[in-house]
Number of protein chains: 2
Amino acid sequence: MKTVLAWAPEPFPDIRPGDDLLAAIVAALRGAGLAPTDGDVVVVAHKVVSKAEGRVVDLRRITPSARALALAETAKKDPRLVEVILAESKAVRRVRPGLIIAEHRLGFVCANAGVDHSNVGLGDDVVALLPADPDAAAARLRAGLQEAFGADVAVIVNDSHGRPFRQGTTGAAIGAAGLRVLRSYVGEEDRYGYVLRVSTEAVADEYAALANLLQGQAAEGTPLVLIRGLDHRGEGRAVELMRPEEEDLFR
Amino acid sequence: MKTVLAWAPEPFPDIRPGDDLLAAIVAALRGAGLAPTDGDVVVVAHKVVSKAEGRVVDLRRITPSARALALAETAKKDPRLVEVILAESKAVRRVRPGLIIAEHRLGFVCANAGVDHSNVGLGDDVVALLPADPDAAAARLRAGLQEAFGADVAVIVNDSHGRPFRQGTTGAAIGAAGLRVLRSYVGEEDRYGYVLRVSTEAVADEYAALANLLQGQAAEGTPLVLIRGLDHRGEGRAVELMRPEEEDLFR
């Protein structure tokens, strides 16, 4: 019987700029008695990746541009925060009071281009950006975990994204290494021999969603989840999940 | 340590119009030695719900309207299929060759208003619609499972939806009973005492995504998944996941 297990090892230490995130992940897994095996997926909340990379900004050091001031007026947001959002974005897609939906320079379309106050813990004026290159961060963590545990594990860096049409956020893979992020069924037969023509499943986002269920966002939250039971090993990267603008009907 | 387990009991029988889906689910769980307990979530692929309900259409009996013929020309689709899609929709949101993104009468924005050939198995000309009332179907299955197993289980009816911005489909809850589908963190503190202001997690969609990972869409696929380890019991319904049109910036 196909079975999936997922664990959220705790405690996980506070991560600050410059900390060794790989060492913290290895210690947390070992401390919980978990040893990743071939095909397992380790999901890490992007916030700790960003913090370890020093991808945090103290808003007290930011002087908003005229463009940021104008957008902040429309969005009813702190102009310094808007300046940071604009610096992270290649386009602003939608704005209304309280909300800026931007296209991050890496292609993710999400609220505030991923710039966020929560679970940063470096003072009220310090926000976290997305990791500089989440796919590269996932690849580095994967190499380190493979060395530590001698197993072919995949790594996903996840975030929570809102989406059009539907309420609430779900986990999304913004970095990946060691798995095929998209699983195509095109050309395969269904249960009855009908040949599937269009089905491609975003498995990396589904792993990210499962991890999100365990991570939580509040005080008891933890950034690390280990998933076992499926095997989607491959060489995908999360940028493959970005739908090209010219193919997107809703941007 | 927070842990999630998910099982996809097999074999699951072929479901045909009029079959007793609840009995099939109970038998599949029992056959696999699985007894749901309080807080568990049973996820059922919508296709078997639709088929049990007889929500299937033989395209040979359909005469396309002028509107369907025109849209079929643009979308390069079978006009009879387009007629069925239009009958299921309250609006067509985007069209291009090979693709109709419609708003189903229940509010889901998805390809073909959920009308689908795959995993129907009643002949090449027979398509399945979404269940008539997926929340009600979930509630009925929930009542039956509670009686069969004496446990307070939740039920989700899931589908695979494409989404703007990102490639591939992910599991989505189109029916739910016995759980809070949205988990708000608003007003709670994060790890560092920062009060969260906007975070609401679509937990029902994340359960649906996990189930999707196990269900698959090809010949070896199975419609039934049992999930254990979290407890989001409540009285939510999947229609709560529909973002009202006036609040949606991308429709």
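Residues numbered from 1 in each chain as written. Chains lettered and ligands numbered in written order. Predicted model: local features only at pLDDT ≥ 70, side-chain atom pairs only at ≥ 80, totals over all residues.

### A look at the relation of the copies chain A and chain B
Moving on, step 1. If you rotate chain A by 180° and push it 0.0 Å along the axis, it lands on chain B with an RMSD of 0.0 Å. Here the two chains are linked by the operation of a two-fold rotation axis. Among all C-alpha atoms of chain A, that of A:Leu5 lies closest to the rotation axis, at 2.3 Å.
Moving on, step 2. Residue by residue, 100% of the interface of chain A is reproduced at the interface of chain B, so both copies engage with the same surface. (Least-squares fit on C-alpha atoms with pLDDT ≥ 70 in both. Contact = placed C-beta atoms within 7 Å.)

### A closer look at the sheet that holds strand S6 (residues 109-111) of chain B
Two orientations exist for strands paired in a sheet by backbone hydrogen bonds: parallel and antiparallel.
All names here are of chain B.
Moving on, step 1. Strand order in this open sheet of three strands is S4-S5-S6, and the pairing throughout is antiparallel. Each edge of the sheet is formed by a strand with only one pairing partner; in this case those strands are strand S4 (89-96) and S6. Averaged over all adjacent pairs, the angle separating strand axes in this sheet is 25°, with direction ignored.
Moving on, step 2. Across six bridges, the pairing between S4 and strand S5 (residues 99-104) is antiparallel. (Pairing = 2+ DSSP bridges. Helix = DSSP H or I, 4+ residues; strand = E, 2+ residues; numbered from the N terminus. Axes fitted to C-alpha atoms, helices over the stretch in contact; angles between N-to-C directions.)

### What about the confidence of the model for chain A?
Moving on, step 1. Here chain A averages 95 in pLDDT, and 100% of its residues register 70 or above.
Moving on, step 2. Among the scores for the predicted complex, ipTM is 0.96 and pTM is 0.97. (pLDDT = per-residue confidence, 0-100.)

### Examining the environment of A:Glu235
Residue and element names in this part refer to chain A.
Moving on, step 1. Inspection of the secondary structure puts Glu235 in the segment after strand S12 (224-228).
Moving on, step 2. The exposed category is assigned to Glu235, around which 12 C-beta atoms lie within 10 Å.
Moving on, step 3. As for Glu235 and Ala177, which are separated by 58 residues in sequence, their C-alpha atoms are 6.4 Å apart. (Buried ≥ 20, exposed ≤ 12 C-beta atoms within 10 Å, placed from the backbone.)

### What to know about the pairing of strand S5 (residues 99-104) of chain A
Side-chain positions along a regular strand alternate between the two faces of the sheet.
All names here are of chain A.
Moving on, step 1. For S5, the tally of buried residues reaches five of six residues, placing the bulk of the element in the interior.
Moving on, step 2. Counting the residues between successive antiparallel strands, the hairpin from strand S4 (residues 89-96) to S5 contains two residues, one of them, Gly98, with a positive phi of roughly 90°.
Moving on, step 3. Where S5 lies against strand S6 (residues 109-111), three bridges are found, and the strand directions are antiparallel. In the strand pairing of S6, Ile101 is matched with Ala111.
Moving on, step 4. Between S5 and S6, which follow one another and run antiparallel, lie four residues, and Gly107 among them has a positive phi close to 110°.

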